[in-house]
Amino acid sequence: MSGGLFRRFRALHQDGERGAVLVTVIGTAAVLMIIVTTVLATAVSGTIKSNRDEDWNNAGAAAYAGLADYQSRISADNSYEQYGALGTSFSTGSTFSSTKGNKAFSTSTNGEWVGVPGSDNVAADGSRDGKYRQSFRYEVNNANYYGQGVVKVRVTGKAGTVTRSLVANLKGTGFINYLYFTDYESGDPAITGDSCTPLHWNETAPRGVTKCAAIQFAARDTLAGPVRSNDQFTICGATFQNDVQSTTADGVYSKPSGCSSAIFAKNSTTGLKQVQHVSSIGLPPTNTNLMQETRSDLKTSTVPQPGCLYTGPTTIKFTSAGKMTVYSPWTKAVQITGDPASGSTAAPACGTPGYSSSGNTLGSPGGQTLDVLPNNLAYVQNVPSTTGDPNRWGSTTPSNYSCKSADGSQSGNGVGYPAAGETTKTLSVSTPYGCQSGDVFVQGQFKGAMTVAAQNYVYVTGDLTYVNSGASANPNLLGLVGQKAVWVYNPVASSMCTDFTSTYWDRQGYSSWGYQCVPMNWVSGSRAAKDFEIDAAIASNNGTFTVQNYDQGRYAASNSPSAIRTYGQGTLTVLGSIAQKYRGPVATTGGTGFSKAYSYDKRLLTTAPPKFLQPVATTYGATTQVEVKPAFSADGTPAS
């Protein structure tokens, strides 16, 4: 190879090496660039994901803050369920009077995000710009409040561009949460006839005033459910299978001399204190606000579904077919308008007022058979005397009606009480069966959801039980509200009475027994002790739940102490709850009256009978709570 050719070949070879090196350098730089880009992209992606995770958590926290906001509002105002906004599918079936200025109420077309306090931006100098990092809005559905006491709320929380929603059912925590609730642990002087003044355990009787004696839980009493009182319990060996709460200090209750200690069955496994200290729950002074639920002129605001108003003594017999037969001779108007009442409207579901010789009206013998009111209330009022009231009678009386007992032998209420052969001499109340009193007499097999309330007394005149009460998903729920008392009807016979206050019996030491009569079921029929069952949530806001003639049942066939016999009854079973201002006795230690078998209906923790009595003040807790698909996007429009 010549020198010139060699030099040219060598130059070309060196140029190829330089080209290869350049390619290698460029390739290496590209790889490094990819690596750097990947690292940067991963870092940015991680930052975005971290920020989104933070927003996701904050949006959830904002939703819970919104739920707490609504809970505080409805707890402070028991009527707050009437406020809200329509416009979304969630609020279907609701009725609202206004939004009451609450900007958190949202619809599908408007509504504001309300900032979570403490989440607004703070500058270095401590100033705030008013822009919140977290906010919420909520929708309300009150369609089931009037039927079940439950308000449903859907709350949406927002943080950045992330939204989260949750749905909760809210129910007031009150006396219906307990198997047995009392304001005073003493009896009602209006029922017992005692000359005393009801006072709580920590209240001292003024000089010259006698404090009413406490009624004790006896050794044969078993309470299968939570128990609570605004007073101090007096316990003589009774068994409690659930929480026991009172306004006294933890573990404190009264045990009379000679009594066994209380048995707290739950304490051995859970470590709960024997008696837990709690604050008091207030009972309303009157239940006449329930009568408002029969007004037909408030449909667009507070009473979207009016109930039925009956006047004067009224009997209601339920049947297993979901029917009720109502006999109410004094009733003229079953739904009213105005306050005070000045007008009325017809309501076929409540019955046809008046007397008809062909029957099938509220005032006809045998009454009128109707469907059980669906998720509603029947209220029985005293015969009014106010001029202009549509149920006023003045000096007239209903057709084919007399204020007599069932057999016409004595004064009565004209709807069957007192019964034939029943004496009222043993009763401490002056007018147990008032001719114009707002008393209701109920019994039967109940199917449906309804509340029966009375301005005066509720009498349970026979077994009152749920259809399919033992079923796992029993839909039937009944409320009983008697302003002055809810009585277990226990009549005694005038034909079997002994006056133990006579001279002879005084010498034998039996004068404290007074006038004693035998329960009517011992006089006729099976001549055996009678069991009694009531399935219902029971309340007496200004009185008591008690057994009529609980202290009657001793009889002597001859003037000899050995001839004395005691005729007691069987077991009183209650499935539901009992709330009362005063303790009501159901038996005596001498063997008269009924033994208790009370069980709490756990459904009452999450629901309530329609339009049931509400406490003066309460807190609303979530009975169910679940996260759902977001209802709104961050810009406030409905989420797709």
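Before reading on, note that the structure itself is shown above.
### Looking at the pattern of salt bridges
- What the rule picks out here adds up to 10 salt bridges.
- Aspartate 221 serves as the salt-bridge partner of lysine 596, at 2.9 Å between the closest nitrogen and oxygen. Within this pair, whereas lysine 596 is found in strand β33 (residues 595-600), its partner aspartate 221 is found in the loop between α3 (189-192) and β8 (222-224), the two being separated by 375 residues in sequence. As far as the burial class goes, lysine 596 and aspartate 221 line up, both buried.
- The salt bridge partner of lysine 611 is glutamate 293, with a shortest N-O separation of 3.3 Å.

### Remarks on the state of the cysteines
- Applying the stated criterion across every chain, the model contains 5 disulfides.
- Through a disulfide, cysteine 196 is tied to cysteine 212; the S-S separation comes to 2.0 Å. Residues cysteine 196 and cysteine 212 are joined through a disulfide that is right-handed, its torsion about the S-S bond being 90°. On the criterion of sequence distance, the pair formed by cysteine 196 in the loop between α3 and β8 and cysteine 212 in the loop between α3 and β8 is long-range, its members being 16 residues apart.
- Shown here is the disulfide that connects cysteine 308 with cysteine 350, its sulfur atoms set 1.9 Å apart.

### Quick word on the side chain of asparagine 541
- In this structure, asparagine 541 sits in strand β29 (residues 532-547).
- Residue asparagine 541 is classed as buried on the basis of its relative accessible area of 2%.
- Within the structure, asparagine 541 has its side chain in polar contact with the backbone oxygen of proline 284 (distance 3.4 Å).
- The contact partners of asparagine 541, leaving out residues within four places of it in the chain, are Leu283, Pro284, Pro285, Thr286, Asn287, Val481, Gly482, Gln483, Lys581 and Leu613.

### Side note on unusual backbone geometry
- Residue proline 340 is reached from aspartate 339 by a cis peptide bond, and omega for that bond is 5°.
- With respect to the helices and strands, proline 340 occurs in the loop between β17 (335-337) and β18 (343-345).
- The omega angle of the peptide bond from tyrosine 417 to proline 418 is 0°, so this bond is cis rather than trans.
- Along the polypeptide, proline 418 turns up in the loop between β20 (376-381) and β21 (422-423).
- For asparagine 549, which is not glycine, the phi dihedral falls at a positive 55°.
- Tracing the chain through its elements places asparagine 549 in the loop between β29 and β30 (554-556).
- With a phi close to 55°, lysine 611 is a non-glycine residue in the positive phi region.

### So, the packing of aromatic side chains
- What the rule picks out here adds up to 29 aromatic pairs.
- With a centroid separation of 5.4 Å and an interplanar angle of 15°, the aromatic rings of tyrosine 184 and tyrosine 582 are classed as stacked. One end of the pair, tyrosine 184, is in strand β7 (residues 180-184); the other, tyrosine 582, is in strand β32 (residues 571-582), with 398 residues separating them in the sequence. Across this residue pair, the class does not change: tyrosine 184 and tyrosine 582 are buried.
- Seen in terms of ring centroids, phenylalanine 318 and phenylalanine 446 are 5.0 Å apart; in terms of plane orientation they differ by 90°. Their pairing is edge-to-face. Placement of phenylalanine 318 in strand β15 (residues 314-319) and of phenylalanine 446 in strand β22 (residues 440-446) is noted, with a sequence separation of 128 residues between them. Neither phenylalanine 318 nor phenylalanine 446 differs from the other in exposure class; each is buried.
- A network of ring pairs unites the aromatic residues Tyr180, Phe217, Phe233, Phe240, Tyr253, Phe264 and Tyr598 as a single cluster.

### Examining the side chain of asparagine 413
- Along the chain, asparagine 413 turns up in the loop between β20 and β21.
- Within the structure, the side chain of asparagine 413 is placed 3.0 Å from the backbone nitrogen of valine 415, a separation counted as a polar contact.
- In contact with asparagine 413, not counting residues within four places along its chain, are Pro313, Tyr401, Lys404, Tyr433, Gly434, Cys435 and Phe441.

### Some remarks on the sheet that holds strand β27 (residues 492-499)
- Reading across the sheet, the 3 strands line up as β21-β27-β28 and stay open at both edges, with antiparallel pairing between neighbours. This sheet does not close on itself; its edge strands, each paired only once, are β21 and β28 (515-519).
- Sheet analysis places β21 next to β27, joined by 2 bridges and oriented antiparallel. Looking across to β27, one finds that threonine 423 is bridged to valine 492.

### Here we look at the nonpolar core
- Judged by nonpolar contacts, the single largest core of 78 residues is most densely connected at Phe240, Tyr310, Met324, Leu480, Phe545, Leu572 and Tyr598.
- By residue number, the principal contributor to this core is β29, which donates 8 residues.
- Ignoring sequence-local partners within four residues, the contact set of leucine 480 consists of Val442, Val452, Val458, Val460, Leu464, Ile534, Ala536, Ala537, Ile538, Ala539 and Phe612.
- Counting 24 residues, the second-largest nonpolar core is a separate cluster that includes Ile74, Tyr83, Val140 and Val153.

### Thoughts on the environment of glutamine 548
- Within the secondary structure, glutamine 548 is located in the loop between β29 and β30.
- Using a relative accessible area of 1% as the deciding quantity, one classes glutamine 548 as buried.
- For glutamine 548 and proline 585, which are 37 residues apart along the polypeptide, the C-alpha to C-alpha distance reads 9.2 Å.

Rules used throughout
Residues numbered from 1 in each chain as written. Predicted model: local features only at pLDDT ≥ 70, side-chain atom pairs only at ≥ 80, totals over all residues. Heavy atoms only, no water. Salt bridge = Lys/Arg side-chain N within 4 Å of Asp/Glu carboxyl O. Helix = DSSP H or I, 4+ residues; strand = E, 2+ residues; numbered from the N terminus. Buried < 20%, exposed > 50% of the residue type's maximum accessible area, 1.4 Å probe, protein only. Disulfide = S-S within 2.5 Å. Polar contact = N/O pair within 3.5 Å; in protein donor to acceptor, adjacent residues only side chain to side chain. Contact = heavy atoms within 4.5 Å. Phe/Tyr/Trp six-rings, centres within 6.5 Å; stacked < 30°, edge-to-face > 60°. Pairing = 2+ DSSP bridges. Core = buried A, V, L, I, M, F, W, Y, C linked by side-chain atoms within 4.5 Å.

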